[in-house]
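Observations on the model geometry
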Amino acid sequence: MSLVYITHHDENIVGCEHDFEKAAGPKESIFVYKNPVVEKAAKYARKLRERMNEEDKKLSVILQNDGTRILTEAKKSLHRTMGCAHTPIDPPCAFLRKNQGVKWRREKNHQCPKMPPMPPLPPPGSGGHKSTMAPNFIKRNKLCAAQTIPCPPPPRYVDTPAGTRHNLLNSGLIPQFICRKDFGKVPIYLKKTKRMLADMNAVCAKEQARLLELCRGIKGFTKTSVDLSGPPQVPGMRVMEQPERNEILEGLRLSLTDMTKQYQSMSLLIDSIAKRQRKSKLESDLRQVEQDILLIETTPIIYVSEY
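Residues numbered from 1 in each chain as written. Predicted model: local features only at pLDDT ≥ 70, side-chain atom pairs only at ≥ 80, totals over all residues. Heavy atoms only, no water.

Another point: the pattern of salt bridges. For the structure shown, the criterion picks out six salt bridges. Note that E297 and R253 form a salt bridge whose closest N and O atoms lie 2.6 Å from each other. Note that E297 is positioned in helix α7 (residues 273-298) and R253 in helix α6 (residues 242-264), a separation of 44 residues in sequence. Of the charged contacts in the structure, one is a salt bridge between K281 and D285, with a shortest N-O distance of 3.1 Å. Of this pair, K281 and D285 both sit in helix α7, separated by four residues, roughly a single helical turn. (Salt bridge = Lys/Arg side-chain N within 4 Å of Asp/Glu carboxyl O. Helix = DSSP H or I, 4+ residues; strand = E, 2+ residues; numbered from the N terminus.)

Written out as structure tokens, the structure is:
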């Protein structure tokens with residue numbers, strides 16, 4: 001039997017693994033590729049991963065010496081709604097203290113790139129190259145407003161001592177439409193009216209001549225007798241006398257009064273077919289009686305058959 005004396009008690013499993021890897025030597029990396037496209041993509045991914053690791057190491061909220069908290073730009077867009085990942089914790093004595101919230105401020109690590117200086121302006125009156133500067137719109141508008149001819153006011157006239165003024169155009173005081181083609185001529189609608197009246201007079205003359213031809217067979221009929229003794233006598237017809245006319249008009253007016261009273265005494269609610277039919281019949285009868293009264297009152301000569 002042999003005995004082993006342990007003098008150093010600092011061995012562990014992790015150290016044993018490292019010793020084994022050192023003894024095995026360096027091994028080939030798994031990210032080594034032969035394709036150039038794959039190598040380019042791996043290089044881009046490596047750079048992106050390194051940049052994201054650098055940004056992740058930055059603190060999103062930095063605590064200043066005066067106690068204020070500053071939200072850096074590195075975490076501003078990443079925590080718009082979910083809040084900040086690294087936020088210093090307040091002590092209990094600073095709970096809800098005024099002006100202790102998180103404030104955003106840009107870090108002072110930005111440097112503007114240097115731009116080439118602007119070319120010098122040519123001296124005035126040198127006639128150099130045309131300037132590429134933007135025009136002065138305010139000055140140009142002033143010049144245009146000064147050179148614009150103002151619009152003249154419309155002609156007016158005053159008709160009262162107090163100074164009431166009206167527009168002179170379309171007032172009839174000046175010859176405004178003398179240059180029109182139809183100025184001083186008879187309007188077209190008056191010509192149509194005159195033509196229509198002439199045609200109607202011609203029709204009436206023809207009808208009167210026809211009636212005269214029909215009445216020539218009557219004994220003692222002449223044109224002068226028609227003018228002197230009244231309407232001509234038609235065989236089998238007689239002229240309605242004035243007492244008969246008045247009697248008929250009186251009867252028609254009584255009928256009109258009775259039907260009007262019946263129409264006004266009807267119920268306001270017309271909810272049945274019989275009521276609707278009675279109403280329409282009364283309206284048609286009233287209209288017919290009014291037309292008959294108008295015809296008798298406006299017609300001077302009415303012939304009545306004797307048979």
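Anyway, onward from the coordinates.
The biggest cluster of nonpolar side chains holds seven residues, and these are L249, L252, M259, L286, V289, I293 and I296. Elements supplying a minimum of two residues to this core: α6 and α7. In this view, I293 contacts L249, L252, R253 and L256; residues no more than four positions away in its chain are not counted. (Core = buried A, V, L, I, M, F, W, Y, C linked by side-chain atoms within 4.5 Å. Buried < 20%, exposed > 50% of the residue type's maximum accessible area, 1.4 Å probe, protein only. Contact = heavy atoms within 4.5 Å.)

Before going further, it helps to spend a moment on the environment of Y303. Mapping Y303 onto the fold places it in strand β7 (residues 303-305). Classification of Y303 as partly exposed rests on a relative accessible area of 31%. Sequence separation of Y303 and E241 is 62 residues, and the distance between their C-alpha atoms is 9.6 Å. Beyond its immediate stretch of four places on either side in the chain, Y303 contacts P231, P232, V234, M237, R238 and V239.

A cluster of nonpolar residues, Y44, L48 and M52, forms a patch on the protein surface that exposes about 320 Å² of accessible area. Locating M52 in the fold gives a position in helix α2 (residues 36-57). (Patch = residues over 30% accessible without salt bridge, like charges linked within 9 Å, V, L, I, M, F, W, Y side chains within 5 Å. Areas by Shrake-Rupley, 256 points an atom, 1.4 Å probe, with all protein chains shown as cover.)

Here we take up helix α3 (residues 137-147). Burial of α3 is sparse: only zero of the 11 residues sit out of reach of the surface. The backbone nitrogen of I138 has a side-chain oxygen 3.3 Å away, supplied by the residue at the start of α3, namely N136. (Polar contact = N/O pair within 3.5 Å; in protein donor to acceptor, adjacent residues only side chain to side chain.)

Bringing a positive patch on the surface into the picture now. Residues K43, R46, K47 and R49 make up a contiguous surface patch of positive charge. Of note, R46 is situated in helix α2. R46 sits in the partly exposed class, given a relative accessible area of 37%. (Lys, Arg positive; Asp, Glu negative; His and termini not counted. Charge placed at Lys NZ, Arg CZ, Asp CG, Glu CD.)

Let us now look at the environment of L252. Positionally, L252 belongs in helix α6. For the pair L252 and D292, spaced 40 residues apart in sequence, the C-alpha separation works out to 7.9 Å. Those residues in contact with L252 that sit more than four places away from it in its chain are V289, D292, I293 and I296.

A few words now on α6. The terminal C-alpha atoms of α6 lie 33 Å apart, and with 23 residues this matches the ideal 33 Å at 1.5 Å per residue to within 8%. Considered for burial, the residues of α6 that qualify are R245, L249, L252 and M259. Here the buried face of α6 lies against α7. (Expected span 1.5 Å × (residues − 1).)

In this section: the side chain of R245. On the secondary structure map, R245 appears in helix α6. For R245, which is buried and forms no salt bridge, the nearest opposite charge comes from E244, at a distance of 8.7 Å. One polar contact links the side chain of R245 to the main-chain carbonyl oxygen of I296, over a distance of 2.9 Å. Apart from residues lying up to four places away in sequence, R245 is in contact with M240, I296, T299, P300, I301 and I302.

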